[in-house]
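# Structure assessment
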Amino acid sequence: MGYAKGSQKTNGIHLRQYSRAYVIADKQEDKRVVFVSVDACMISTLVKAQVIKKISALYPGLYNETNVCISGIHTHSGPGGFHQYILLDVTSLGFVQQSLDALAEGIALSIDKAHKSMKPGNLHVTSGELVGANINRSPTSYANNPAKERAMYKYNIDTTMTIVKITDEHNGDVGMISWFPVHCTSMNNTNGLISGDNKGLASHLFEKDMNPRALPHEVEFVAAFAQANEGDVSPNTKGPHCMDTGLPCDTEHSTCNGRNEMCVASGPGRDMFESTLIIGSKQYEKAKELYTQANITGIKLSGPIDFRHQFVDMSKQELKLETGEMVKTCPAAMGYSFAAGTTDGPGDFDFTQGTNSTNKFWSFVSQFISKPSPQQVDCQKPKPILLNTGEVNFPYAWQPSIIPIQLLRVGQLVITSLPGEFTTMSGRRVRNALTKIFKEDGKIANATVVLAGLSNAYADYIATFEEYQKQRYEAASTIYGPHTLSAYINLFSKMATMMVQGKPVAAGTAPPDLLSKQLSFVLPVVMDSVPVGTEFGQPITDAQMVYKQGDLVTVTFNSADPRNNLMTMNSFLAVEKRSSDGSWEVVYTDSHWVTKFEWTRTETLLGRSSAVISWQTGSDEPVGMYRVRHSGYHKPLFEDPQPFTGVSRTFKVVGKSKSYKSYINFVHKNQNRVMAYQPLE
């Protein structure tokens, strides 16, 4: 989910998706807020609604849509199909109930765990600069903003990372939240493995640092690397180059010889895995540095906890600009450059970024969906409308009209729940407007406003009015027209004013619940089988007898469709090390960077499949005896899925020394002693 590429399908796991929840309460005022960062592309209206339904049933009166913010990190390597609007589920072959359930149940579980682990504590907020982890992928659009405004900033991207350090009353480490703008597109659109991308990895690195002996799903210290105003911000710091020539792409339109398909940004690594590691490590290292210094350089949060939430119809906003001009937003529509994609992941058709004119062929095709009215064309200009999503409701809505906006306050910290992807300058304008209100009207001298991108719902991109004129990808995906940002600033500013005045805001009309109308074309699992005489979980290609430190271990197993059971809070794989007492200890799972679980359907009609489990041993990997375990569920025909597990032969990891050669000689002389595979009971 994210690249809108139908051919990109899930075929395994590199890093599992996690939900990280934080409940912050004020005992005196009996108020609380919840911030959740999720390793997902974004949060949908359905996901938020289902989470609130679950958590409010567990704790009536404590948690509801107004005081819970759920934010996606924007990984482009997670399953899709969890939206209720057609356009967002097209490349997932429609709605996928399993995706919605997995997200909603996991997020609710994380909030429940946070609630149950609450204790008295302190929070410090601090910020620092992280350079070299992001670039602007639409620099010509950014350059269209007023020169005077651009002169206020050193870079055409935000380089500020803000973190909250959470400790208990004895200054014991509890958790950390970081906000930093960068797309989770280090893993490119050829990847089929589920991954939290650079931010998911940063969380794992921080949590491993603070919980060195715990498995990922067992950690007590929780570190979230939340998203911010990443709309035009890429992690691919080498920048866009033509894949055929290696030369820089055309800057204005991101093309190579007039076409966009060959213009791709990459780096800083040699491949997407190394790039993910570099960008994730940079965020982790900066956050750890800030965390360590927070008690000295940061602000200890104190004061009230508060929140405001409102549903607004973004297709019908009217407002007065500072010039006195009355403007309005429009029903949703996607421009031609939306189909061009970005330099992080170009589109499949012959569209280019920066297109301000229509094409007869595509205009003819798009009118089969909905022909834009003259009023819509005028409202959205200069955007040439490719998909007139706001004026069509067959078979149900294609994109949202009603959107939630929300502010959470924790003392001097204000979390702005952005329901989409705000570009660098769009985010700055929102942050500046709110900071001014909280400092001047709210008398909070050291107010810190953070932007939590992709929160609570998804309303695509939000470019500035000036960027909108350039009609690159971000502008073409600014669905409510050229004054979208101004409308958001107006709404957030009014909400902030009401908050500092202690006044409530109108709840607004909630979006429709379209769950019962969803269409899905994803086929269910009918059956799984294995070749005669073999078992589920049996190795097809077993491990070697010995590996050196730094070697890659791979084992191929008879497997079954992973959709039979997602193994939530569990794992499809385990690398186990034999202890001195003969017992086996799990040292790695499918949540670790050094492992991969890659599943392949080998025979569709017979329902046969295999799984390749790989483990990249470290150069300092502890020597000893290991084995690889594969677990899952297989589905018999007309029956419910049944569990299975299998294990590789036991093998030895040895150091890079002379002892390696002597062990190899021993193995070669004793091959007949190698035990045959036996399925586990």
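Predicted model only: the values in this text are computed from it and were never measured.

Across all of its chains, the model carries three disulfides by this definition. Each sulfur of the disulfide joining Cys242 and Cys256 lies 2.1 Å from the other. Between Cys242 and Cys256 the sulfur-sulfur dihedral comes to about -105 degrees; the bridge is accordingly left-handed. Of the two residues, Cys242 sits in strand β12 (residues 239-242) while Cys256 sits in the loop between β12 and β13 (263-266), which places them 14 residues apart along the sequence. The exposure class of Cys256 is buried, given its relative accessible area of 6%. With a sulfur-sulfur separation of 2.2 Å, Cys249 is cross-linked through a disulfide to Cys263. When the S-S torsion is 115 degrees, as for the bridge of Cys249 with Cys263, the disulfide is right-handed.

To continue, consider the pattern of salt bridges. Think of it this way: side chains of opposite charge can pair up when their charged atoms draw near. Tallying each qualifying case throughout the model produces 25 salt bridges. The partner of Asp378 in a salt bridge is Lys381, with the nearest N and O atoms 3.0 Å apart. Residue classification places Asp378 among the partly exposed residues on the basis of a relative accessible area of 45%. Salt bridges here are not isolated pairs; linked through shared partners, they connect Asp528, Asp561, Arg563 and Arg601.

Aromatic rings in a pair are described by how distant their centres are and how their planes are angled relative to each other. Scanning all chains against the criterion turns up 19 aromatic pairs. Each ring, one from Tyr59 and one from Tyr63, has its centre 5.9 Å from the other, and the planes form 85 degrees; the classification is edge-to-face. Each member of the pair, Tyr59 together with Tyr63, is buried. Between Tyr461 and Tyr473, the ring centres sit 5.3 Å apart and the planes meet at 85 degrees, which makes this aromatic pair edge-to-face.

Strand order in this open sheet of five strands is β10-β8-β7-β5-β14, and the pairing throughout is mixed. What marks the edges here is a single partner per strand, and that holds for β10 (222-226) and β14 (299-300). Where strand β7 (residues 160-168) and strand β8 (residues 173-179) come together, six bridges link them in antiparallel fashion. Residue pairing across strands places Lys165 opposite Met176, the latter belonging to β8. Across the face of the sheet, helix α6 (residues 197-210) comes into contact with β8 and β10 while running at roughly 160 degrees to β10. Contacts from helix α7 (residues 272-297) reach β5 (121-129), β7, β8, β10 and β14 within the one sheet, and its direction differs from that of β7 by about 60 degrees.

What follows deals with the pairing of strand β4 (residues 68-72). Within β4, five of the five residues are buried, which leaves the element mostly enclosed by the surrounding structure. Every second residue of β4 is oriented toward a common face, with Val68, Ile70 and Gly72 on one face and Cys69 and Ser71 on the other, all of them buried. In the sheet, strand β3 (residues 31-38) pairs with β4 via five bridges, with the strands oriented parallel. If you follow Phe35 over to β4, its bridge partner there is Cys69. Once you follow β3 into helix α1 (residues 45-58) and on to β4, the crossover reads as right-handed.

Relative placement of two packed helices is described by the angle separating their axes and the distance separating the axes. The N-to-C vectors of α6 and α7 enclose an angle of 50 degrees; their axes lie 8 Å apart at closest approach. What the angle tells us is that α6 and α7 run oblique. Once α6 is placed against α7, the crossing between them reads as right-handed. For the pair formed by α6 and α7, the contact residues are Asp197, Asn198, Lys199, Leu201, Ala202, Leu205, Phe206, Asp209 and Met210 on the first element and Thr276, Leu277, Ile279, Gly280, Ser281, Gln283, Tyr284, Ala287, Lys288 and Tyr291 on the second. Here the contact of α6 with α7 is built from residues that sort into 10 nonpolar, five polar and four charged.

Now for the sheet that holds strand β25 (residues 448-452). Taken together, the four strands give an open sheet; going across it, the order is β15-β22-β23-β25, and neighbouring strands pair in mixed fashion. Looking along the sheet, the strands with just one partner apiece sit at the ends: β15 (305-313) and β25. The mean inter-strand angle of the sheet, taken between neighbouring strand axes irrespective of direction, is 15 degrees. As judged from the five bridges shared by strand β23 (residues 413-417) and β25, these two strands associate in the parallel manner. For Thr416, the partnering residue across the bridge sits in β25 and is Leu451.

Before going further, it helps to examine α6. Taking 1.5 Å of rise per residue, 14 residues should cover 20 Å, and α6 covers 20 Å from first to last C-alpha, within 8% of that figure. The buried count for α6 comes to 10 of 14 residues, which makes it a mostly enclosed element. All of the buried residues along α6 are Asp197, Asn198, Lys199, Gly200, Leu201, Ala202, Ser203, His204, Phe206 and Glu207. Where α6 is buried, its residues meet β2 (19-26), β8, β10 and α7.

The next subject is the side chain of Arg16. Summarising the element assignment, Arg16 is placed in the loop between β1 (12-13) and β2. A polar contact is formed between the side chain of Arg16 and the backbone oxygen of Met567, at a distance of 3.3 Å. Of the polar contacts made by the side chain of Arg16, one reaches the side chain of Asp590; its length is 2.7 Å. Not counting residues up to four positions away in its chain, the partners in contact with Arg16 are Asp39, His204, Leu566, Met567, Thr568, Asn570, Ser571, Phe572, Asp590 and Ser591.

What counts, and where the lines are drawn
Residues numbered from 1 in each chain as written. Predicted model: local features only at pLDDT ≥ 70, side-chain atom pairs only at ≥ 80, totals over all residues. Heavy atoms only, no water. Disulfide = S-S within 2.5 Å. Helix = DSSP H or I, 4+ residues; strand = E, 2+ residues; numbered from the N terminus. Buried < 20%, exposed > 50% of the residue type's maximum accessible area, 1.4 Å probe, protein only. Salt bridge = Lys/Arg side-chain N within 4 Å of Asp/Glu carboxyl O. Phe/Tyr/Trp six-rings, centres within 6.5 Å; stacked < 30°, edge-to-face > 60°. Pairing = 2+ DSSP bridges. Contact = heavy atoms within 4.5 Å. Axes fitted to C-alpha atoms, helices over the stretch in contact; angles between N-to-C directions. Right-handed = clockwise from strand over helix to strand, strands pointing away. Parallel < 35°, antiparallel > 145°, perpendicular 65-115°, else oblique. Left-handed = near helix turned anticlockwise from the far one by under 90°. Nonpolar A, V, L, I, M, F, W, Y, C, P; charged D, E, K, R; others polar. Expected span 1.5 Å × (residues − 1). Polar contact = N/O pair within 3.5 Å; in protein donor to acceptor, adjacent residues only side chain to side chain.

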